[in-house]
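Fold and geometry: a report
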Amino acid sequence: MGDLPEEFPCTITNWEYIYGLCRTVSDDVKADDFEPDVVVALARGGWFAGRTLCDFLGLDDLTSLKIEHYVGTAAKGDEPEVRYPMPEGSVEGKDVLIVDDIADTGQSIAHASEYVNDRNPNAVRTATLQLLQTSEVEPDFVGERLEEWAWVVYPWNFIEDMIDLTESVMEKAEAEQFSEGDVRSLLRAYHEIDPIEMEIAQPDRLEEVLTEMERRDVIEYAGEDCWTVP
Ligand code: AMP
């Protein structure tokens, strides 16, 4: 989650919703008469969308590219770098669809396009499931435009993001120990996560998050359905 402020809004999504956005993107690709030969899914956020788009579009050529974002202080401000170069011949002479989950700064999509364009493709188009207004890049195909900036919690990294968010709100709070209810209140206070909306998107998952945090030694069980940060 990188360099984010203390408080920022989060939106929790689920598989059905995201699958619907993949459907929208694929419908747009078809409506545009673009027939990609290969999908380049950006690691790791674009993997689910990349695989699903291959299914919807009838493609079996799916490859991946990783754009590295520096969060360390030394390299701060540096541009993202392309990692995990694609195998020789993956895009040469082909019609390529580059896919990612969301464009925020738009840097990932921009760098991936540059990287692919340097490898003599026939045509390159880009797609993201969601687009934030902060993005400097306008992908060719967009599942959904978000009017307000939010951190989107995707189903493929639900546990990862919820652990980060829960740990950070516990550290910010003054309390010694926290019940599940306390965590829900803190998530609402710092991240505008409405408890009811969270239950609708991801029913009964907070207990799983807390259990997993305990297993990973991020928190300790303090008895009476409460946890502490060691
Ligand atoms: P970008 O700033 O457009 O290069 O975004 C880089 C990657 O960071 C995206 O592909 C996402 O995986 C992740 N990311 C950035 N902003 C968000 C956000 N608001 N919500 C969820 N994931 C994000």
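Preceding this paragraph is the structure being described.
These lines cover the structure that appears in this document, whether it is placed above or below. (Residues numbered from 1 in each chain as written. Predicted model: local features only at pLDDT ≥ 70, side-chain atom pairs only at ≥ 80, totals over all residues. Heavy atoms only, no water.)

1. A word on the sheet that holds strand β10 (residues 220–223)
As a general point, the strands of a sheet are linked pairwise by backbone hydrogen bonds and lie either parallel or antiparallel. Threshold: Two strands qualify as a pair provided that DSSP identifies no fewer than 2 bridges between them. Secondary structure elements follow DSSP: runs of H or I no shorter than four residues count as helices, runs of E no shorter than two count as strands, and numbering proceeds from the N terminus.
Spatially, β9-β11-β10 is the arrangement adopted by the 3 strands of the open sheet, whose pairing is antiparallel. In this open sheet, the two edge strands, each paired with only one partner strand, are β9 (178–179) and β10. Bridge count between β10 and strand β11 (residues 226–228): 3 bridges; the pairing is antiparallel. By the bridge assignment for β11, Tyr-221 is matched with Trp-227.

2. Focus on the site of the ligand
For the record, the criterion: Residues are classed as near a molecule or strand on a simple rule: at least one heavy atom within 4 Å of it. Under the rule applied, a polar contact is a pair of N or O atoms within 3.5 Å (in protein, one hydrogen donor and one hydrogen acceptor; residues adjacent in sequence only if both atoms are side-chain atoms). Per-residue and other accessible areas follow the Shrake-Rupley method at a 1.4 Å probe size, with only the shown protein chains counted as cover for residues. Under the grouping applied here, Gly and all other residues not named as nonpolar or charged are polar, the nonpolar ones being Ala, Val, Leu, Ile, Met, Phe, Trp, Tyr, Cys and Pro and the charged ones Asp, Glu, Lys and Arg.
Near the ligand, the surroundings consist of 16 residues, among which Asp-100, Asp-104, Thr-105, Gly-106 and Ser-108 are the closest. At 2.6 Å, a side-chain N or O of Thr-105 approaches an oxygen atom of the ligand. A distance of 2.6 Å separates an oxygen atom of the ligand from a polar atom in the side chain of Ser-108. Burial of the ligand by the protein chains amounts to 85% of its free accessible area of 480 Å². Those elements that place two or more of their residues in the shell around the ligand are β5 (95–103), α3 (107–117) and β8 (151–153). Among the residues making up the shell around the ligand, the classes are represented as 8 nonpolar, 5 polar and 3 charged.

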